[in-house]
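# Remarks on the overall topology
These are the residues of each chain, in order.
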Amino acid sequence: MMNLIQTITSKVPSLPLFATSESRQASGAAEAGTSAGISGTSGTPGKEKAGKQLRMETHDLTVHYGSTVGVKNVSLPIYDNQVLALIGPSGCGKTTYLRALNRMHDLTRGASVTGSVMLDGKNIYDSEVNPVIIRRRIGMVFQKPTPFPTMSIYDNVVAGLKLVGIRKTSVLDEVCERALKQAALFEEVKDRLKSPGSSLSGGQQQRLSIARALAVDPEVLLMDEPTSSLDPQSTSRIEDLIHELKNQVTIVIVTHNMQQAARVSDNTAFFYVGDLIEYGPTSTLFTKPKETRTEEYITGRFG
Ligand SMILES: Nc1ncnc2c1ncn2[C@@H]1O[C@H](COP(=O)(O)OP(=O)(O)O)[C@@H](O)[C@H]1O
Ligand SMILES: [Mg+2]
């Protein structure tokens, strides 16, 4: 199965960055027809290969808010089907870095980004790249669950598909079910898909937000403290989910909870006042940090 956007763009070579609604509908139907569930395999090149495969990479990534620096000169690899955790004290630039990875700062007044963010070897900040497509390939889940409150559970999940003009009920039904299953929410909501998203518990709403992000079949999922407003049980469900999802999607998660970083991630990046201080395999960073500041932070001496 190809990524939805790749399917779209490969079928519409003359429109590499934005397809018409008919072509999207057609390719969406083809996509949904072969869509794989949580245990499915993906046909995206590189996704099934063993070992580390680079999915994204930043080079000297710097974000300013006016004259304030959010993060500076951050160069990091982001590997396919692995979880990267971003940790560090409040205000150190975790959210700023995360939002640069799918051009969310385009929408922030006064924010400017320099350096590069490579996705599959191409800089997403190149002038010909459509940020709307980028945000579909690199999805985002926020700190607070973000269901559209008046929309049904069903409509919440398929909102992104409707935005790109996919209207065919059979396609929407199939994608809705697939995404809810991927987000480990389907069993709980299958009998009340028409109920409002706001009728769900906080933990369920966060899984609904994840389902909505997954519905458009992203390659990368960015999560900004996705469990910070949840109880321990819901947190644990989301952490289990992250483990399952990383087989299908590359995940970057911001967390202020070091136990969570240690539980869910393969690699960890420690930020401090806008600088990347240390990056490495999570097990190494938490047991044998190279930098004094990393050690001080993970042992709770500040933060
Ligand atoms: N929209 C904004 N406008 C101005 N400054 C901001 C904005 N967002 C973040 N910052 C500043 O950038 C720095 C990094 O913030 P942030 O990335 O939110 O940190 P973290 O997510 O690690 O808590 C902080 O100094 C913060 O005040
Ligand atoms: Mg933050």
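Scroll up to find the structure this text is about.
Reference entry: report on the structure contained in this document.

What counts, and at which threshold
- Residues numbered from 1 in each chain as written.
- Chains lettered and ligands numbered in written order.
- Predicted model: local features only at pLDDT ≥ 70, side-chain atom pairs only at ≥ 80, totals over all residues.
- Pairing = 2+ DSSP bridges.
- Helix = DSSP H or I, 4+ residues; strand = E, 2+ residues; numbered from the N terminus.
- Axes fitted to C-alpha atoms, helices over the stretch in contact; angles between N-to-C directions.
- Parallel < 35°, antiparallel > 145°, perpendicular 65-115°, else oblique.
- Left-handed = near helix turned anticlockwise from the far one by under 90°.
- Contact = placed C-beta atoms within 7 Å.
- Core = buried A, V, L, I, M, F, W, Y, C linked by C-beta atoms within 7 Å.
- Buried ≥ 20, exposed ≤ 12 C-beta atoms within 10 Å, placed from the backbone.
- Near = placed C-beta within 6 Å.
- Nonpolar A, V, L, I, M, F, W, Y, C, P; charged D, E, K, R; others polar.

### Comments concerning the sheet that holds strand S4 (residues 111-119)
Taken together, four strands build an open sheet; the order of strands is S2-S1-S4-S5 and the sheet is antiparallel. Two strands in the sheet have a free side with no partner beyond their single neighbour: strand S2 (68-79) and strand S5 (122-123). Judged from the eight bridges that link them, strand S1 (residues 54-65) and S2 form a sheet pairing that is antiparallel. Paired with tyrosine 65 across the bridge in S2 is threonine 68.

### Here we look at the packing of helix H6 (residues 169-182) against helix H8 (residues 202-215)
Running from N to C, H6 and H8 cross one another at 130 degrees; their axes reach a closest spacing of 8 Å. Between H6 and H8, the angle falls in the class oblique. Note on packing geometry: the crossing formed by H6 with H8 is right-handed. Facing H6, whose interface residues are Val175, Ala179, Leu180 and Gln182, H8 presents Ala211, Leu214 and Ala215.

### Some details on the nonpolar core
Counting 72 residues, the largest nonpolar core has Leu86, Ala211 and Val252 as its most contacted members. The residues contacting valine 252, other than those within four sequence positions of it, are Ile78, Leu84, Leu86, Leu98, Leu101, Val220 and Leu222.

### Quick notes on the site of ligand 1
Within the structure, ligand 1 sits among Tyr65, Thr68, Gly70, Gly88, Ser90, Gly91, Cys92, Gly93, Lys94, Thr95, Thr96 and Thr108. Residue assignment for the shell around ligand 1 shows that the elements contributing at least two residues are S2 and helix H3 (94-100). When residues in the shell around ligand 1 are grouped by element, the largest group, three residues, is from H3. Classifying every residue of the shell around ligand 1 by side-chain character gives two nonpolar, nine polar and one charged.

### Some points on the environment of lysine 52
On the secondary structure map, lysine 52 appears in the loop between helix H2 (21-33) and S1. Residue classification places lysine 52 among the partly exposed positions, given that 13 C-beta atoms sit within 10 Å. Spatially, the C-alpha atom of lysine 52 lies 6.8 Å from that of aspartate 80, the residues being 28 residues apart in sequence.

### Remarks on the sheet that holds strand S3 (residues 83-87)
Taken together, six strands build an open sheet; the order of strands is S6-S7-S8-S3-S9-S10 and the sheet is mixed. Of all the strands in the sheet, the pair left with one neighbour each is strand S6 (138-141) and strand S10 (275-281). In this sheet, adjacent strand axes meet at a mean angle of 15 degrees when their direction is disregarded. Note that strand S7 (residues 220-224) and strand S8 (residues 250-254) share five bridges and pair parallel. Looking at S8, one finds that aspartate 224 is bridged to valine 254. H8 rests against S6 and S7 of the sheet, and its axis sits at about 170 degrees to S6.

### Structural notes on the environment of lysine 181
Structurally, the position occupied by lysine 181 is in helix H6. For lysine 181, a count of 17 C-beta atoms within 10 Å gives the class partly exposed. Spatially, the C-alpha atoms of lysine 181 and alanine 211 are 8.1 Å apart, while their sequence positions differ by 30 residues.

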